[in-house]
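Listed below, chain by chain, are the residues.
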Protein chains: 2
Amino acid sequence: MCGARTPLRLWAAMSGDNPDAGDEFDLIARLFAPLARDPAARGLKDDAALWTVSGPTVMTCDAIVEGVHFFADDPIETIAQKALRVNLSDLAAKAARPDGALLSLIWPKGRPSDEIVRFAAGLQADLEAFGFGLIGGDMTATPGPLTISVMAFGGLAGARCPARADAAVGQDVWVSGTIGDAALGLRVRLGQGAGFSAEDRAFLILRYQVPIPRLPLALLLSRVAGGSMDVSDGLIADARKMAAAADVRIVIDPAAVPLSGAAHRAMAAGMASVDALLTGGDDYEILFTADPGHRPAIAEESLRLGLPLTRIGHVEAGQGIGALMPDGRDLGLEPGGFVHRMGGA
Amino acid sequence: MCGARTPLRLWAAMSGDNPDAGDEFDLIARLFAPLARDPAARGLKDDAALWTVSGPTVMTCDAIVEGVHFFADDPIETIAQKALRVNLSDLAAKAARPDGALLSLIWPKGRPSDEIVRFAAGLQADLEAFGFGLIGGDMTATPGPLTISVMAFGGLAGARCPARADAAVGQDVWVSGTIGDAALGLRVRLGQGAGFSAEDRAFLILRYQVPIPRLPLALLLSRVAGGSMDVSDGLIADARKMAAAADVRIVIDPAAVPLSGAAHRAMAAGMASVDALLTGGDDYEILFTADPGHRPAIAEESLRLGLPLTRIGHVEAGQGIGALMPDGRDLGLEPGGFVHRMGGA
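Below is a short write-up of the structure. (Residues numbered from 1 in each chain as written. Chains lettered and ligands numbered in written order. Predicted model: local features only at pLDDT ≥ 70, side-chain atom pairs only at ≥ 80, totals over all residues. Heavy atoms only, no water.)

1. Overview of unusual backbone geometry
Our working definition: Secondary structure elements follow DSSP: runs of H or I of four or more residues count as helices, runs of E of two or more count as strands, with numbering from the N terminus. Each residue's exposure class comes from its accessible area (1.4 Å probe, protein chains only) as a fraction of the maximum for that residue type: buried when under 20%, exposed when over 50%, partly exposed otherwise.
In this model, Tyr284(A) sits at a positive phi of 50°, which is unusual for a non-glycine residue. Along the chain, the position of Tyr284(A) falls in the loop between helix 9 (274-279) and strand 8 (285-290). A positive phi is found at Ala95(B), a non-glycine position, where the angle reads about 60°. Residue position: Ala95(B) is located in the loop between helix 2 (76-93) and strand 2 (100-108). According to the relative accessible area criterion, Ala95(B) is buried, its value standing at 0%.

In structure tokens, the structure reads:
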């Protein structure tokens, strides 16, 4: 029997599909095998990974596509990292820690193969930073855009795995970090950032290109969260999904939603609206609910982690979203939330 | 804590990325939620799946791309099935049974959304046939070709999980089913099938479009296999990978390689060569090695399953592949094996 936690591996579909990519085995050995950190790794030389898991395991997969979720000329290292991190963000929201990942790398025929080296380097940096390894995957060529699908899995940080449906009437609504930066970063990337300072432009682009998975929150979420999910499609749209899953009404105070300095400056200069920030996407922050009795514990953990955790609303009986603006409009009544992809995707 | 074996789910990236696709939640509820068979399923409404696994779990992922692994006008049901089955083939080769799968469905913006209904139907038919469920996935739009990445996982059928590297000197080399049909099917699909009968054309196309994962072999493989892998890139190329992983030499008798009636007829009519059949791809048969003492057990299981298992060579000390043709050429010395993708992919 293969040993416990033995990552084996097939990169079968690589198979010379991409003539530029050089010899399959060389490429795997040189680039991806070191990403399988497990000492029992057999060098990614098999058809599949054999992983010995025990207990509840959270599994998620998300794909990102050139021209939809990132730009063709984004640094290839950050593309690799975004592909991984959007999945880690899901694990964090479910109060899990990453144990392993599988990668489907679908590489455009015309894209220089030396970028694969940089792709692997970007991935490796993240795997080291987040403390786990690649256990498998496959690589194939495509006549279309660069497409990366990652499946990440891991055990629970604590005893609970909060579902979206666990949001309950009477709970507070919280969000981590700041909201809207990535939507502004996308705008800057689209050439609409002339009014921003160079520093703000760099910050916002980074927030768009390299989301920060809130893995340090996993333990807190397992202890205090009612409902929990990550915010990827815009705060309002995602809160609406949680409300639907839990069959409750979520009321958000737009003025309470935490914004970065760059976002505040954009608002002050008339370059951004609250609407755009709350309905833009790619935040990859955690939206969760918790009983009011947990406020001290949440404040304490926020301080300990150096990560803002902000109370932005509450859960009540009913359905849908309320988000009343000072001008009387209710953002919760507007469709919104799907406006963040580039190019009408 | 979420219950054991509770498939939760996020189809977050669906998120209205595809305006034709209708409302995300409707689509999920209508099409994909029934594919999560587990009674504890919460309706695919969460960010991730929570699966309670115990013991060794085989995990694999493989992507297929329109214009590379299938034709844009292949029946969409068979595209769904091929995406799933190429992964099940990996599980079979590792002596595992499928327990669950995650799906990344990357849908072209221009492709009619009613085909998603048929895609889901094709997938559902297979999930029912193979006795497991979808536990999660995501859907996103692409400006490029239809691309499907599947991650499948499952426990072992027996006590062992045969690696490629387990091939050992002195063992026989076996292959399941027949070899080369899919390569001929691809040729027929490319319009080079004028010489075939209608029946042979239909058979060969089916072998190309809908591979048969050899899951019934899992228990036998766990008992008798030395090295084991599935044949996806051509028999010669894949045997070469096994030889490299195990640091042995694999000698194949081309005349012993099992061919279908259609392939025999193609050879007799001068429409196919042994070379093409042994180096073509997409067979999704199992290549394995076993001690000679297991010959009776293998013959018996072949009979019981109604599935040809054919001894085609042996493992010896050395490196690489030997496959001596009657004309004195050694197929093992030729590069080959990467000729099966369409359109120079």
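2. Things to note about the sheet that holds strand 9 (residues 309-316) of chain B
Residues and elements named next belong to chain B. Worth spelling out the cut-off: A pair of strands is labelled paired if DSSP reports no fewer than 2 bridges between them. As a rule, the C-alpha atoms of each element are fitted with a line to give its axis, helices using only the stretch in contact, and angles between N-to-C directions run from 0 to 180 degrees. Residue contacts follow a heavy-atom distance rule, with two residues in contact if any of their heavy atoms lie within 4.5 Å.
The strand order across the open sheet formed by six strands is 6-8-5-9-7-10, and the pairing between neighbours is mixed. The two strands at the open ends of the sheet, each matched to only one other strand, are strand 6 (225-231) and strand 10 (320-322). Pairwise comparison of adjacent strand axes, ignoring direction, gives a mean angle of 25° for this sheet. Note: strand 7 (residues 249-252) against strand 9, four bridges, orientation antiparallel. By the bridge assignment for strand 9, Val 251 is matched with His 314. This element, helix 2, spans strand 6 and strand 8 (285-290) of the sheet and lies at about 175° to strand 6.

3. Describing the sheet that holds strand 2 (residues 100-108) of chain A
Taken in spatial order, the eight strands make up an open sheet running 3(A)-2(A)-4(A)-1(A)-1(B)-4(B)-2(B)-3(B), and their pairing is mixed. On the outer flanks of this sheet lie strand 3 (133-142) of chain A together with strand 3 (133-142) of chain B, each paired with one strand and no other. Here the strands of the sheet are splayed against their neighbours by 20° on average, with no regard to which way each runs. Two elements, strand 2 of chain B and strand 3 of chain B, share nine bridges in a ladder whose sense is parallel.

4. Concerning helix 5 (residues 198-209) of chain B
Residue and element names in this part refer to chain B. Applied cut-off: By this rule the span expected of a helix is its residue count minus one, scaled by 1.5 Å.
For helix 5, with twelve residues, the first-to-last C-alpha span of 16 Å sits near the 16 Å given by 1.5 Å per residue. Buried residues of helix 5: Asp 200, Leu 204, Arg 207, Tyr 208 and Gln 209, and no others. Elements that come into contact with the buried residues of helix 5 comprise helix 2, helix 4 (181-189), helix 8 (261-268) and strand 8.

5. Regarding the packing of helix 4 of chain B against helix 5 of chain B
Helix-helix packing is described using two parameters, namely the angle between the two axes and the distance between the axes. Residue and element names in this part refer to chain B. How we decide: Every angle not falling under 35 degrees, over 145, or within 65 to 115 is termed oblique; those three ranges are roughly parallel, roughly antiparallel and roughly perpendicular. Under the grouping applied here, Gly and all other residues not named as nonpolar or charged are polar, the nonpolar ones being Ala, Val, Leu, Ile, Met, Phe, Trp, Tyr, Cys and Pro and the charged ones Asp, Glu, Lys and Arg.
Between helix 4 and helix 5, the shortest axis-to-axis distance is 7 Å and the interhelical angle comes to 110°. With respect to helix 5, the element helix 4 is oriented roughly perpendicular. Along the contact surface, helix 4 presents Asp 181, Ala 182, Leu 184, Gly 185, Leu 186, Val 188 and Arg 189, while helix 5 presents Arg 201, Phe 203, Leu 204, Ile 205, Arg 207, Tyr 208 and Gln 209. Of the residues contributing to the contact of helix 4 with helix 5, the split by class is eight nonpolar, two polar and four charged.

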